[in-house]
Number of protein chains: 4
Amino acid sequence: MPRDMAQDTSIYDRRESGARSYCRAFPASFARAQGSELFSAEGDRYIDFLAGCSSLNYGHNDPDMKAALVKHISQDGLAHALDFHTEEKEAFLRAYEANILAPRGMDYRVMMTGPTGTNAVEAAIKLARKVTGRRNVVAFTNGFHGMTMGALSLTGNASKRGGAGGGSLNDVTHMPFEGALGPDVDTLQVIDGLLGNPSSGIDAPAAFVFEPIQGEGGLNVASNAWMRGIETLARKYGALVIVDDIQAGCGRSGSYFSFERAGIKPDMVTQAKSLSGFGLPFAALLIKSELDVWKPAEHNGTFRGNTHAFVTARVAIEKFWADDAFEAELAAKSVMLTSAFKEVADLIEGARLKGRGLMQGVDVGSGELAGAICARAYEKGLVIETSGARDEVVKCLAPLTTPDAILREGFDILLEATRGALAERAAA
Amino acid sequence: MPRDMAQDTSIYDRRESGARSYCRAFPASFARAQGSELFSAEGDRYIDFLAGCSSLNYGHNDPDMKAALVKHISQDGLAHALDFHTEEKEAFLRAYEANILAPRGMDYRVMMTGPTGTNAVEAAIKLARKVTGRRNVVAFTNGFHGMTMGALSLTGNASKRGGAGGGSLNDVTHMPFEGALGPDVDTLQVIDGLLGNPSSGIDAPAAFVFEPIQGEGGLNVASNAWMRGIETLARKYGALVIVDDIQAGCGRSGSYFSFERAGIKPDMVTQAKSLSGFGLPFAALLIKSELDVWKPAEHNGTFRGNTHAFVTARVAIEKFWADDAFEAELAAKSVMLTSAFKEVADLIEGARLKGRGLMQGVDVGSGELAGAICARAYEKGLVIETSGARDEVVKCLAPLTTPDAILREGFDILLEATRGALAERAAA
Amino acid sequence: MPRDMAQDTSIYDRRESGARSYCRAFPASFARAQGSELFSAEGDRYIDFLAGCSSLNYGHNDPDMKAALVKHISQDGLAHALDFHTEEKEAFLRAYEANILAPRGMDYRVMMTGPTGTNAVEAAIKLARKVTGRRNVVAFTNGFHGMTMGALSLTGNASKRGGAGGGSLNDVTHMPFEGALGPDVDTLQVIDGLLGNPSSGIDAPAAFVFEPIQGEGGLNVASNAWMRGIETLARKYGALVIVDDIQAGCGRSGSYFSFERAGIKPDMVTQAKSLSGFGLPFAALLIKSELDVWKPAEHNGTFRGNTHAFVTARVAIEKFWADDAFEAELAAKSVMLTSAFKEVADLIEGARLKGRGLMQGVDVGSGELAGAICARAYEKGLVIETSGARDEVVKCLAPLTTPDAILREGFDILLEATRGALAERAAA
Amino acid sequence: MPRDMAQDTSIYDRRESGARSYCRAFPASFARAQGSELFSAEGDRYIDFLAGCSSLNYGHNDPDMKAALVKHISQDGLAHALDFHTEEKEAFLRAYEANILAPRGMDYRVMMTGPTGTNAVEAAIKLARKVTGRRNVVAFTNGFHGMTMGALSLTGNASKRGGAGGGSLNDVTHMPFEGALGPDVDTLQVIDGLLGNPSSGIDAPAAFVFEPIQGEGGLNVASNAWMRGIETLARKYGALVIVDDIQAGCGRSGSYFSFERAGIKPDMVTQAKSLSGFGLPFAALLIKSELDVWKPAEHNGTFRGNTHAFVTARVAIEKFWADDAFEAELAAKSVMLTSAFKEVADLIEGARLKGRGLMQGVDVGSGELAGAICARAYEKGLVIETSGARDEVVKCLAPLTTPDAILREGFDILLEATRGALAERAAA
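Cut-offs used in this document
Residues numbered from 1 in each chain as written. Chains lettered and ligands numbered in written order. Predicted model: local features only at pLDDT ≥ 70, side-chain atom pairs only at ≥ 80, totals over all residues. Heavy atoms only, no water. Helix = DSSP H or I, 4+ residues; strand = E, 2+ residues; numbered from the N terminus. Rg over C-alpha atoms; globule rule 2.2 N^0.38 Å. Buried < 20%, exposed > 50% of the residue type's maximum accessible area, 1.4 Å probe, protein only. Contact = heavy atoms within 4.5 Å. Areas by Shrake-Rupley, 256 points an atom, 1.4 Å probe, with all protein chains shown as cover. Buried area = accessible area lost by both parts, 1.4 Å probe. Salt bridge = Lys/Arg side-chain N within 4 Å of Asp/Glu carboxyl O. Axes fitted to C-alpha atoms, helices over the stretch in contact; angles between N-to-C directions. Parallel < 35°, antiparallel > 145°, perpendicular 65-115°, else oblique. Least-squares fit on C-alpha atoms with pLDDT ≥ 70 in both. Expected span 1.5 Å × (residues − 1). Polar contact = N/O pair within 3.5 Å; in protein donor to acceptor, adjacent residues only side chain to side chain. Nonpolar A, V, L, I, M, F, W, Y, C, P; charged D, E, K, R; others polar. Pairing = 2+ DSSP bridges. Core = buried A, V, L, I, M, F, W, Y, C linked by side-chain atoms within 4.5 Å. Phe/Tyr/Trp six-rings, centres within 6.5 Å; stacked < 30°, edge-to-face > 60°. Lys NZ or Arg CZ within 6 Å of the ring centre and 35° of its normal.

Things to note about the overall build of chain A
Line of reasoning, step 1. A count of helical and extended segments in chain A gives 15 helices and 18 strands.
Line of reasoning, step 2. Against the compact-globule benchmark of 22 Å for 428 residues, chain A has a radius of gyration of 22 Å, which places it among compact chains.
Line of reasoning, step 3. If one aligns the C-alpha atoms of chain A with their principal axes, the spans along those axes are about 60 × 60 × 45 Å.
Line of reasoning, step 4. Taken across its 428 residues, chain A has 71% of its residues classed as buried.
Line of reasoning, step 5. Pairs at least 24 apart in sequence give 73% of the contacts found in chain A among residues at least 6 apart.
Line of reasoning, step 6. Roughly 12400 Å² of accessible area belongs to chain A as shown, and the carbon and sulfur atoms make up 49% of that amount.

Here it is, written out as structure tokens:
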């Protein structure tokens, strides 16, 4: 493709919707990517601390997945197979059962929803309502679950909710996530106090839906005790537990599922983003086998069988999750990230470390400063974004496979960008 | 993969949700596909009159798309790019503008929603509500628009709606599609009579959402006059026109868009299914430029940039839609289909031809008979399914590129299956 | 009270809400009323063709009811008794059973809802949903059922609905009333066509709610065949039949209930307005005994026992409904009304007679003309109002007991007012 | 009425809905009432500590109101006047302005809603949504606001909510009332924490609706600081303050309005129950003049002008609220009540005093015990009921005018009943 085309971005203004967003902060035209690096059409190199918002946990174009996918396509393997039986789906299910479910003692069914996270969330709340005969679903402050009407009703962000244009976002009660009411308020007590009161006006819930680590919400981490508390409250009030593990799953938290360390047994778990391993659209809903009361096609979707994604997902599982080695690597990298973010935080008065595992960041106190830091980082070749209710957290979602040297290089850029942004602010 | 694995399907019972459906009617394990043919792991050949529910309009593994995709992957092109600028997205937009929009005089923006049809529908109704400040949306009997809560609220099918488990499917008024009240009732008059009455109790609508040919609903065809009538009513009552062209678009109706021949100018058009050309997840919402009031990221989604799909979609557009040749082929094939289905219909008392273009079928009078025909066809090597409110229509969605000989071969199977099913019924 | 107070109405502007309405069209300060006559503080006499919107079917201050009420109060009978047993409630129930239910072969329970029509309607739809386990309720174009959120969701009028300020008016499907789609469209067929289609998107209804004669909606009369058709459709689709007889009941239609002549057996009937006979707040919901599944206090209300109303209601029932004499009088008056309105209609090109029984009027073609007629009538001493979706119907709701001479006097005023309004329009 | 009729209550089983409730606990047939005493048909005397649930604050059949009402009726004053101007309405408004609004510096309009509390609540939330353009309304745990769908959506009680039969009770966020989360949790902080978070998922509210003393909810008292805190939060977040003063108003709290002592300026105040003074159906919504944006008849209701109630309400205002004497009496009686309830509480381990003013009670720890106490009290001639989420509070709502000797007599019965119930429990 000629270079001049890449430099003329008027086609986007003319023909792509104003809803586009990342290309505004990171306007390069990206041409190639490998591992944790992106390369623009002009040949500029960027370190990728965004990784498709945690969709590229194994980096770009993992060579094993790539080889398997090219082979599949070359051999006229099916691309689109609805929910037919295919060798690729079968192999994926077997790998998933053997390497993910069985070692964790999990008896779940895999529901191939439409291949987007929001679709898995929609399927989850529909099923919870079917199973319990209740309509209300409890979601949490700062939760992010998607943009379709059902998932959006669970999502906290006011600007995203405004996109509904006044359509009803009902049948949901929003409760405080751990820490959301300040350090002194026990949110479990608040929730118990409300649900335990038969005159609270809050209808008995079908389910609690939560993210163990709130990715969009600002890297808020639920403690093990809190997760267990939610599970206990759910059992007490006859509700199901749905873990939305779309962003924090697939190793991002340090283990395959982000809830593992709490020892809870969610009734359903949503997966998407890095499930395919390669960045391909793929989502699934794990359902405890006894709750899988779906009738055939009662929830369906044209792209629910993305065979290309089955191919790469199977490779990802077999390559990274057949034993404990990868998890051990993640533990080491997690320590390194905390240490690196501490360097950043030390530059900023009042900054706080956020997140855990490979999903860490720093609350720099304001969205303005966080934005300035990320903008300067981009100029120096680092793609990194903010999160949080006020965009106040600088968040690292680098591929889990990022070599230490590249991580270090990225953090050096981040430190420099932070210093620059602080100096500019001081000068203003 | 060893043959014995393929023969043991217990993994599906054990680990895949009961929501799976097509694999129940078509239990083969499919290994390979080319053009209009599917091959099972055992080497059995099937003619594909389903084509991923119209997601494979150009057949399986089109060689040009396949080559471009393999090249893209081999060169470490991005798989997942959020909504970054990429050369592939740019090339897709340019091709779409040059070959689809410009020749039709259409000034639209392309919104890359999540890569599923239901997501494009959700984005459309959200935007319609934002633009108009109204909440009510008019949808139509037998309409099918998706399974997420917003799209499901538009969908007619009671069984699908039941999947919501009692969650609210509100803010929608369901009106009769053309012909839905029998031949004597002018549904435009019914709609006008209701909306024109300030005491009808039906709130002023933000939009009308309809499919020019109802794919799931039984191949009900809106006449040009009816489509123009809907556009006229929408203008009269200040509502937008949203065409859901997910199943009938991309040439399926005989032209690129199914509404072209009516000469209407929808405010929004949803596309998915065959948009990628290769069966990859990809959806888009076309929005009249002046209505594109989305704020950045107000509706977003992790997989909204499926770069692999941009690659194949561009090839599809340039290969099939750069001139009128393909459309001329479709016209010829459409005639052939009508004639072939007439042979089927002639076997069955009271049978009626349905659909148009490459989206035709026959209403055989009962879901039982239609199901029996399709089951027998499958045994003879033809994959074909039913549609309609009572599954009473045998529907052909063969790839648009299916060679005449294979079409003929498929219909011979269908005729034989029909005769067999009728004989069995007569014997019972 | 001194005359000058009566003439200074600034207190209303200063202290009564802008929601007040009748006093704007009829600004006299009324001091006294008897039978069908109102007298202002200044001593002006008005003939009352409004009768509290059919709340004063037996005229103002019926001497027998008045005597009974004064006696009750003088003897320290209870005014407010919640739902205690009182002699007055018991006597009312016995009179109602003996004179209303038993002669008509009706086995119903009387639910004392809050003493307003809208409350009876709310109770009815709540119970229908409880009994059927369904949420959707079918209401009809031009229906009027009240202003509280549940009843308002059933009400057709867009301006009234706008009063909800955007609060959700959901769980209702609005269907066309008989004739609402013009003379050529069989609305029963439309309704059957929609409900009989399992892919219509219209959820199975808990109930049909309709007024046999739509009072606010423009005196639209349901034929016996249509009412029976609705009952048949309800049985066919497992829905209850709720007749809202608030305005058309208590003799207004010519018989005690307005649905009697159709021979239908509604599952519930709402009553209010003239139920007390004296204009006192009183409403009740009749429920087929086998459907009365309310738990104690599940629907309650402070004023559900208006003992004063029990006293007057009992007198009304015993005085007017112990035999057929009153009904015979109504039949005669009904003929007289038709004839009188025909005189009015004959003055106006295109005018149409509306209504039946003692609930008749004339559609004069425009709200402007109807308003001008009523305004002129008021100047001449006749209180009469408009109804209809566009206020195009001049409606007579004179007390059922109005002497023929006063009826004639009223119509003479109305004729004069009509001529005047027409002359003014011609001159403009 | 013959005694034998009164003794046969089969008419109720046969013809009154199962929704009836008080007559089950207090099955006497009441024939006469004066002041704080009820007399059955058999001549049994009961002390009335229920007073129509606070609808009879001035006792039964106050002689001045009675005389005025009998005179009005005898002179053919209007009973039913829609919202016409009448001398009685004018006199009421003038008395209300002079004695209630003006001395308190309140510039409000009086909206005559339908004559039930629930209707005033419905009007309030409709207007709040109209004024703010927002849909969400904040209500509080243990709040009780009525049974029609809008008011029921605000009501906390799960059993009452169940009466909706699954109809949507949406557009409301239920927040904890003061103390509802235990003594350690500052509910204002919880509310502020949720509303102040732009990612809480709780849409910006149109209004806060609360009862300064929760009558049905268990006599929970909002402190002055909490009421001011709610007003401050409302102003901070652009919401209106609606005080539901239906049960606690008209002197019940010790002052005319229950919120007076907090010094807040609600945007709207609902009144009903004792507004007429005589137990007649009458409700009103006070609206700050600048917020009274209702269009004529945008919210209406047949019985919105209950002229009989205007007559008695005017007398009540002029008799009790023209100076401070009555309020001083109430202060003295309030002290007496606290002291009397302390005697009761002292008998029961863990009992807690509840309420304030003339709306006090004792939380006896269980609904079972509270029920047993009230049942025994009734046998001894005292009508008194429970309240609270679990019916655990014995509540006194004696007329405000109850002579000290009768109050004492009632409490002696209550003490005896308490001792009896405790003894029975101990014996069990």
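Considering the interface of chain A and chain D
Line of reasoning, step 1. Taken together, the contacts link 31 residues of chain A with 31 residues of chain D.
Line of reasoning, step 2. A buried area of about 2500 Å², summed over both sides, lies between chain A and chain D, and 46% of it is on carbon and sulfur atoms.
Line of reasoning, step 3. Broken down residue by residue, the surface that chain A buries against chain D is led by A:L181, A:P198 and A:S199, which jointly contribute 20%.
Line of reasoning, step 4. Our count for the chain A to chain D interface comes out at two salt bridges.

What to know about the packing of helix α10 (residues 187-195) of chain B against helix α11 (residues 224-236) of chain B
Residues and elements named next belong to chain B.
Line of reasoning, step 1. Packing of α10 against α11 leaves a shortest axis separation of 10 Å and a crossing angle of 10°. With respect to α11, the axis of α10 lies roughly parallel. Taking contact as the criterion, the partners of T187, L188, I191 and D192 in α10 are, on α11, A225, W226, G229, I230, L233 and K236.

Some thoughts on the relation of the copies chain A and chain B
Between the two copies of the chain lies a relationship made up of a rotation around an axis and a movement along it.
Line of reasoning, step 1. Its rotation angle being 180°, the transformation that places chain A on chain B also includes 0.0 Å of axial translation and leaves an RMSD of 0.0 Å. This pairing of chains is accounted for by a two-fold axis.
Line of reasoning, step 2. When the interface residues of chain A are mapped onto chain B, 100% of them again lie at the interface, so the same face is used by both copies.

Here we look at helix α6 (residues 87-101) of chain A
Note: α-helices contain 3.6 residues per turn, so residues at a spacing of three or four share the same orientation.
Line of reasoning, step 1. Taking 1.5 Å of rise per residue, the 15 residues of α6(A) would be expected to cover 21 Å, and the 20 Å separating its terminal C-alpha atoms lies within 8% of that figure.
Line of reasoning, step 2. For α6(A), a buried count of 13 out of 15 residues is recorded, marking the element as mostly surrounded by other parts of the structure.

With respect to helix α5 (residues 63-74) of chain D
Line of reasoning, step 1. Its twelve residues place the ends of α5(D) 16 Å apart at the C-alpha level, agreeing with the 16 Å of an ideal helix rising 1.5 Å per residue.
Line of reasoning, step 2. Of the residues making up α5(D), those classed as buried are D:M65, D:K66, D:A68, D:L69, D:V70, D:H72 and D:I73.
Line of reasoning, step 3. In this structure, the buried residues of α5(D) make contact with α5 (63-74) and α12 (307-320) of chain C together with α6 (87-101) and α12 (307-320) of chain D.
Line of reasoning, step 4. Measuring from the backbone nitrogen of D:D64 back to the side-chain oxygen at the start of α5(D) gives 3.0 Å, which picks out D:D62 as the cap.

Some points on the interface of chain A and chain B
Line of reasoning, step 1. Contact with chain A, which involves 117 residues of that partner, is made by 118 residues of chain B.
Line of reasoning, step 2. Viewed at the interface, chain B and chain A are joined by ten salt bridges.
Line of reasoning, step 3. Between B:K89 and A:E16 there is a salt bridge; the shortest N-O distance is 2.8 Å.
Line of reasoning, step 4. The leading source of residues in the side of chain A that touches chain B is α6(A), at nine residues.
Line of reasoning, step 5. When grouped by side-chain class, the residues that make up the side of chain A that touches chain B number 50 nonpolar, 35 polar and 32 charged.
Line of reasoning, step 6. Pairing of strand β4 (residues 85-86) of chain A with strand β1 (residues 29-34) of chain B, which is carried by two bridges, proceeds in the parallel orientation. The residue of β1(B) that forms the bridge with A:T86 is B:F30.

Examining the relation of the copies chain A and chain D
Line of reasoning, step 1. Its rotation angle being 180°, the transformation that places chain A on chain D also includes 0.0 Å of axial translation and leaves an RMSD of 0.0 Å.
Line of reasoning, step 2. Mapped onto chain D, 100% of the interface residues of chain A are again interface residues, and the two copies thus contact each other with one and the same surface.

Quick notes on the pairing of strand β13 (residues 284-288) of chain A
All names here are of chain A.
Line of reasoning, step 1. Here β13 lies mainly inside the structure; five of its five residues are buried.
Line of reasoning, step 2. Of the two faces of β13, the one holding A284, L286 and K288 and the one holding L285 and I287 are both buried throughout.
Line of reasoning, step 3. With four bridges connecting them, strand β5 (residues 108-111) and β13 associate as antiparallel partners. The residue bridging M111 from the neighbouring strand is L285, located in β13.
Line of reasoning, step 4. Strand direction decides the pairing type here: strand β12 (residues 268-271) and β13, joined by four bridges, are antiparallel. By the bridge assignment for β13, Q271 is matched with A284.

Notes on the nonpolar core
Line of reasoning, step 1. One finds A:Y96, B:Y96, C:Y96 and D:Y96 to be the most contacted residues of the largest nonpolar core, which totals 396 residues.
Line of reasoning, step 2. Contacts of B:Y96, omitting those with residues within four sequence positions, involve B:L101, B:V110, B:Y256, B:F257, B:Q271, B:L275, B:L286 and B:I317.

Some points on the environment of A:G279
Line of reasoning, step 1. Relative to the assigned elements, A:G279 resides in the loop between β12 and β13.
Line of reasoning, step 2. Given the relative accessible area of 2%, A:G279 is considered buried.
Line of reasoning, step 3. Along the chain, A:G279 and A:T312 lie 33 residues apart, while their C-alpha atoms are 9.2 Å from each other.
Line of reasoning, step 4. Here A:G279 is in contact with A:S55, A:L56, B:H80 and B:F303, once residues within four sequence places are set aside.

Notes on the side chain of B:T312
All names here are of chain B.
Line of reasoning, step 1. Tracing the backbone through its elements, the reader meets T312 in helix α12 (residues 307-320).
Line of reasoning, step 2. Of the polar contacts made by the side chain of T312, one reaches the backbone oxygen of A309; its length is 3.3 Å.
Line of reasoning, step 3. Contact partners of T312, with chain neighbours within four places excluded, come to M65, L69, S276, F278 and L280.

Re the sheet that holds strand β14 (residues 352-356) of chain A
Residue and element names in this part refer to chain A.
Line of reasoning, step 1. An order of β14-β15-β18-β17 is seen for the four strands of this open sheet, with the pairing classed as antiparallel. Edge positions in the sheet fall to β14 and β17 (385-387), since each of these pairs with one other strand and no more. Shown here is a sheet whose adjacent strand axes are inclined to one another by a mean of 35°, direction ignored.
Line of reasoning, step 2. Bridge analysis of β17 against strand β18 (residues 393-396) gives three bridges, and the strand direction is antiparallel. Bridged to E385 within β18 is K395.

Description of the side chain of D:H174
Line of reasoning, step 1. The topology assignment puts D:H174 in strand β7 (residues 172-175).
Line of reasoning, step 2. Since its relative accessible area comes to 9%, D:H174 is described here as buried.
Line of reasoning, step 3. At 3.2 Å, the side chain of D:H174 and the backbone oxygen of A:G201 are in polar contact.
Line of reasoning, step 4. Reaching out from D:H174, the side chain makes a polar contact with the backbone oxygen of D:S153 at a distance of 3.1 Å.

Some remarks on the packing of aromatic side chains
Line of reasoning, step 1. Here the structure, examined in full by the defined rule, presents 107 aromatic pairs over all chains.
Line of reasoning, step 2. Aromatic pair A:W321 and A:F326: ring centres 5.3 Å apart, planes at 90°, arrangement edge-to-face. Grouping residues by exposure puts A:W321 and A:F326 together as buried.
Line of reasoning, step 3. Relative to B:F320, the ring of B:Y58 lies with its centre 4.5 Å away and its plane at 15°, an arrangement referred to as stacked. Taken together, the residues span a long stretch of sequence, with B:Y58 in the loop between α4 (51-54) and α5 (63-74) and B:F320 in helix α12 at a distance of 262 residues.
Line of reasoning, step 4. Here the aromatic residues A:Y58, A:F92, A:Y96, A:Y256, A:F257, A:F259, A:F282, A:F310, A:F320, A:W321 and A:F326 are joined through ring pairs into a cluster of three or more.
Line of reasoning, step 5. The ring of B:F39 carries the charged tip of B:R32 above its face, separated from the ring centre by 4.4 Å.

Some points on the environment of C:A207
All names here are of chain C.
Line of reasoning, step 1. In this structure, A207 sits in strand β8 (residues 205-210).
Line of reasoning, step 2. Along the backbone, A207 and A128 are 79 residues apart, and their C-alpha atoms lie at a distance of 6.2 Å.
Line of reasoning, step 3. Each residue touching A207, except ones within four places of it in the same chain, is listed here: A128, N136, V137, V138, A239, L240 and I242.

Overview of the environment of C:R390
Line of reasoning, step 1. Note on placement: C:R390 falls in the loop between β17 (385-387) and β18 (393-396).
Line of reasoning, step 2. Beyond its immediate stretch of four places on either side in the chain, C:R390 contacts B:G196, B:N197, B:P198 and C:G367.
Line of reasoning, step 3. A polar contact of 2.8 Å, which involves the side chain of C:R390, links it to the backbone oxygen of B:G196.

Looking at the sheet that holds strand β18 (residues 393-396) of chain D
Residues and elements named next belong to chain D.
Line of reasoning, step 1. In space, the four strands of this open sheet follow the order β14-β15-β18-β17, with antiparallel pairing throughout. Either end of the sheet is taken by a strand with one partner, and the two such strands are β14 (352-356) and β17 (385-387). Between one strand and the next, the sheet's axes are offset by a mean angle of 35°, whatever the strand orientation.
Line of reasoning, step 2. Each of β14, β15 (359-363) and β18 is contacted by helix α13 (residues 325-347), which is oriented at about 10° to β15, the strand it contacts most.

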